[in-house]
Amino acid sequence: MALKVELKPFEQIIIGQSVITNTDARTTLMIEGRAPILREKDILTAGTANTPVKRLYLCVQMMYLEDDIPKYQDLYMGFVKDLLEAVPSFRESIETASKLILSGSLYNSLKEVRRLIKREEELLR
């Protein structure tokens, strides 16, 4: 079954390790196969990962896009340790995200960490 993705003008999407930029018209892509996919609104860069939870998200994002958990495992654990020391109430969500990573559900782990970004923003207000 194909994944249908609609892109706004000039919107970017990552498929695998390739960045695709749409032209000036709305476009619909039908994507078949198995590859990591992230829309522009869900992509963080090293420059935009400027909070503890966003750094954690970036780490999971790299695991997902590169399909390489072991490469980022130590970095991830360091971010988790620092985050739990700073905000112990995030433990349940972080445990959920970690279990999803261990089961190979990296995209779902990204969604869990994205929820933490919203909670972090509320705390920083």
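For clarity, every value in this text was computed on a predicted model and none was experimentally measured. (Residues numbered from 1 in each chain as written. Predicted model: local features only at pLDDT ≥ 70, side-chain atom pairs only at ≥ 80, totals over all residues. Heavy atoms only, no water.)

**Structural notes on the overall build of the protein chain**
Link 1 in the chain: Per the secondary structure count, the protein chain includes 4 helices and 5 strands.
Link 2 in the chain: Written out in order from the N terminus, the α and β elements of the protein chain read β-β-β-β-β-α-α-α-α.
Link 3 in the chain: Viewed in the frame of its principal axes, the protein chain has a C-alpha envelope of about 45 × 35 × 25 Å.
Link 4 in the chain: Put simply, the protein chain has 125 residues, and 38% of those count as buried.
Link 5 in the chain: Pairs at least 24 residues apart make up 48% of the contacts formed inside the protein chain by residues separated by at least 6 positions.
Link 6 in the chain: Of the roughly 7,900 Å² of accessible surface on the protein chain, a fraction of 53% belongs to carbon and sulfur atoms.
Link 7 in the chain: Charged side chains of the protein chain number 18 positive and 18 negative; the gap between the two group centres comes to 4 Å. (Helix = DSSP H or I, 4+ residues; strand = E, 2+ residues; numbered from the N terminus. Buried < 20%, exposed > 50% of the residue type's maximum accessible area, 1.4 Å probe, protein only. Contact = heavy atoms within 4.5 Å. Areas by Shrake-Rupley, 256 points an atom, 1.4 Å probe, with all protein chains shown as cover. Lys, Arg positive; Asp, Glu negative; His and termini not counted. Charge placed at Lys NZ, Arg CZ, Asp CG, Glu CD.)

**Some thoughts on the layout of surface pockets**
Link 1 in the chain: In this structure, the largest pocket spans a volume of roughly 360 Å³.
Link 2 in the chain: Lining the largest pocket are 16 residues, with Arg34, Ala35, Pro36, Ile37 and Tyr64 positioned closest to its centre.
Link 3 in the chain: In terms of residue class, the lining of the largest pocket is made up of 11 nonpolar, 3 polar and 2 charged. (1 Å grid on protein atoms, 1.4 Å probe; cavity = no way out; pocket = protein on both sides within 12 Å on 5 of 7 lines; lining within 4 Å. Points joined across faces, edges and corners; volume = space filled by probe spheres on them. Nonpolar A, V, L, I, M, F, W, Y, C, P; charged D, E, K, R; others polar.)

**Re helix H4 (residues 106-124)**
Owing to its 3.6 residues per turn, the α-helix aligns residues three or four sequence positions apart on the same side.
Link 1 in the chain: With 19 residues, H4 ought to run about 27 Å at 1.5 Å a step, and its terminal C-alpha atoms sit 27 Å apart, in line with that.
Link 2 in the chain: All of the buried residues in H4 are Leu106, Ser109, Leu110, Glu112, Val113, Leu116, Ile117 and Glu120. Each buried residue of H4 lies within a common arc of 165° when the element is viewed along its axis, so the set occupies one face. Exposed and oriented more than 90 degrees from the buried face of H4 are Lys118 and Glu122.
Link 3 in the chain: In this structure, the buried side of H4 is in contact with strand S5 (37-39), helix H1 (52-66), helix H2 (69-86) and helix H3 (91-102). (Expected span 1.5 Å × (residues − 1). Arc of directions from axis to C-beta.)

**Points about the packing of H2 against H3**
Link 1 in the chain: For the pair H2 and H3, interaxial distance at closest approach is 11 Å and the crossing angle is 170°. Classified by the angle their axes make, H2 and H3 are roughly antiparallel. Facing Ile69, Tyr76, Val80, Leu83 and Leu84 of H2, the residues of H3 in contact are Arg91, Ile94, Ala97, Ser98 and Ile101.
Link 2 in the chain: Classifying every residue of the contact of H2 with H3 by side-chain character gives 8 nonpolar, 1 polar and 1 charged. (Axes fitted to C-alpha atoms, helices over the stretch in contact; angles between N-to-C directions. Parallel < 35°, antiparallel > 145°, perpendicular 65-115°, else oblique.)

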